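# What the coordinates show
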Amino acid sequence: GENVEQHPSTLSVQEGDSAVIKCTYSDSASNYFPWYKQELGKGPQLIIDIRSNVGEKKDQRIAVTLNKTAKHFSLHITETQPEDSAVYFCAASSPAGTALIFGKGTTLSVSS
Amino acid sequence: NAGVTQTPKFRVLKTGQSMTLLCAQDMNHEYMYWYRQDPGMGLRLIHYSVGEGTTAKGEVPDGYNVSRLKKQNFLLGLESAAPSQTSVYFCASSLTGLNEKLFFGSGTQLSVL
């Protein structure tokens, strides 16, 4: 079955710096890769997603890149702000849409 | 628009007790899911439903049962709680499957002593 590895587990940056979180997946048939943000005491919320027919997607300060050959995808946050502090999860979904496997999460801390 | 609502928010059980977690969504979504979240483990799928009257096993289904008698509700039951079931439980829903945005509830913190 699918396995998703996420690195780093914790990341501390200064406000205004960029943050990058990387994930690798094992099933070459996976075709949907979302990123979720979880704030303390809340449920995860989708912040951006990418499908296997696209190499990069941007939404304001957030971007995701996908390398299908290497089976890895990354989340890039530019001009970080204190409100970006949260736990971020990557995930990968099978083509059948019956399994969405999450990474173990990255705790991002942005200090002002 | 409430989205996905979970009750209760907190619960403490003794080993062997039973309980039911309730999830309700008002978005007319077909798919509903129960996940558990443990420190350093991410989110793991317990059971899911692709429509009213259907249920299916996820990654970690043992010790849990579910029911989807109404489209808007998805119940998660623990028949005989064990300390290993201490976790934060999240319900989620989506319109047509896992290859799209999931809407999560705010979670239930369950402790089994």
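See the structure shown above.
### Side note on the interface of chain B and chain A
Across the contact, 17 residues belong to chain B and 22 residues belong to chain A. Both faces combined, the contact of chain B with chain A buries some 1500 Å², and carbon together with sulfur accounts for 55% of it. Taken together, chain B and chain A are joined by 4 residue pairs in polar contact (both at pLDDT 80 or more). A per-element tally of the side of chain B that touches chain A places strand β5 (residues 42–49) of chain B first, with 3 residues. Among the residues forming the side of chain B that touches chain A, the class breakdown is 8 nonpolar, 6 polar and 3 charged.

### Let's talk about the nonpolar core
Counting residues in hydrophobic clusters, the biggest one holds 25 residues, and the most contacted among them are Trp35, Phe73, Leu75, Tyr88 and Leu108 of chain A. Secondary-structure elements contributing two or more residues to this core are β2 (10–14), β3 (19–25), β4 (32–38), β5 (45–51), β7 (62–67), β8 (72–77), β9 (86–93) and β11 (106–111) of chain A. Residues within four places of leucine 108 of chain A in sequence aside, it is in contact with Leu11, Val13, Ala19, Ile77, Asp84, Ser85, Ala86 and Tyr88 of chain A. By size, the runner-up hydrophobic cluster in this structure holds 19 residues, among which are Leu13, Leu21, Trp34 and Val112 of chain B.

### Notes on the sheet that holds strand β1 (residues 4–7) of chain A
Residues and elements named next belong to chain A. Strand order across the open sheet formed by 5 strands is β1-β3-β8-β7-β6, with antiparallel pairing between neighbours. Strands at the two margins of the open sheet, each flanked by one partner only, are β1 and β6 (56–59). Pairs of neighbouring strands in the sheet enclose a mean axial angle of 15°, with direction left out of account. Bridge count between β7 and β8: 6 bridges; the pairing is antiparallel. In the strand pairing of β8, leucine 66 is matched with phenylalanine 73.

### Some thoughts on the environment of isoleucine 50 of chain A
Residues and elements named next belong to chain A. When you line up the elements, isoleucine 50 lands in strand β5. Of the residues examined, isoleucine 50 reaches a relative accessible area of 2% and is grouped as buried. The residues contacting isoleucine 50, other than those within four sequence positions of it, are Asn31, Tyr32, Phe33, Gly55, Glu56, Lys57, Val64 and Leu66.

### A look at the packing of aromatic side chains
Per the counting criterion, the structure on display carries 13 aromatic pairs over all chains. Ring plane angle 65° and centroid distance 5.9 Å describe the contact between tyrosine 64 of chain B and tyrosine 89 of chain B, whose orientation is recorded as edge-to-face. Taken as a pair, tyrosine 64 of chain B in the loop between β6 (56–57) and β7 (65–67) and tyrosine 89 of chain B in strand β9 (residues 87–94) lie far apart in primary sequence, 25 residues in all. Neither tyrosine 64 of chain B nor tyrosine 89 of chain B differs from the other in exposure class; each is buried. A network of ring pairs unites the aromatic residues Tyr36, Phe89 and Phe102 of chain A together with Tyr31, Tyr33, Tyr35, Phe90 and Phe104 of chain B as a single cluster.

### Some words on the environment of alanine 2 of chain B
Residue and element names in this part refer to chain B. As for its placement among the helices and strands, alanine 2 is situated in the segment before β1 (4–7). Here alanine 2 falls in the exposed class, since its relative accessible area comes to 59%. For alanine 2 and threonine 55, which are 53 residues apart along the polypeptide, the C-alpha to C-alpha distance reads 24 Å.

### Remarks on the pattern of salt bridges
Counted by the stated rule, this structure contains 7 salt bridges over all chains. Where aspartate 49 of chain A meets lysine 57 of chain A, a salt bridge forms, and the shortest distance between an N and an O atom there is 2.9 Å. Since its relative accessible area comes to 35%, lysine 57 of chain A is described here as partly exposed. The closest approach of N and O atoms between aspartate 38 of chain B and arginine 44 of chain B, which form a salt bridge, is 2.8 Å. Bridged by salt links that share partners, the residues Lys37, Glu39 and Lys42 of chain A form one connected network.

### Details of unusual backbone geometry
In the segment running from histidine 7 of chain A into proline 8 of chain A, the intervening peptide bond is cis, with an omega of -5°. Mapped onto the secondary structure, proline 8 of chain A falls in the loop between β1 and β2. Of note, the amide linkage connecting threonine 7 of chain B to proline 8 of chain B takes the cis form, showing an omega dihedral of -5°. Relative to the helices and strands, proline 8 of chain B resides in the loop between β1 and β2 (10–13). Backbone geometry at glutamate 79 of chain A places phi at a positive 45°, although glycine is not the residue there. With respect to the secondary-structure elements, glutamate 79 of chain A resides in the loop between β8 and β9. Even without being glycine, asparagine 28 of chain B reaches a positive phi, approximately 60°. Of note, asparagine 28 of chain B is situated in the loop between β3 (19–25) and β4 (31–38).

About the criteria used
- Residues numbered from 1 in each chain as written.
- Chains lettered and ligands numbered in written order.
- Predicted model: local features only at pLDDT ≥ 70, side-chain atom pairs only at ≥ 80, totals over all residues.
- Heavy atoms only, no water.
- Contact = heavy atoms within 4.5 Å.
- Buried area = accessible area lost by both parts, 1.4 Å probe.
- Polar contact = N/O pair within 3.5 Å; in protein donor to acceptor, adjacent residues only side chain to side chain.
- Helix = DSSP H or I, 4+ residues; strand = E, 2+ residues; numbered from the N terminus.
- Nonpolar A, V, L, I, M, F, W, Y, C, P; charged D, E, K, R; others polar.
- Core = buried A, V, L, I, M, F, W, Y, C linked by side-chain atoms within 4.5 Å.
- Buried < 20%, exposed > 50% of the residue type's maximum accessible area, 1.4 Å probe, protein only.
- Pairing = 2+ DSSP bridges.
- Axes fitted to C-alpha atoms, helices over the stretch in contact; angles between N-to-C directions.
- Phe/Tyr/Trp six-rings, centres within 6.5 Å; stacked < 30°, edge-to-face > 60°.
- Salt bridge = Lys/Arg side-chain N within 4 Å of Asp/Glu carboxyl O.

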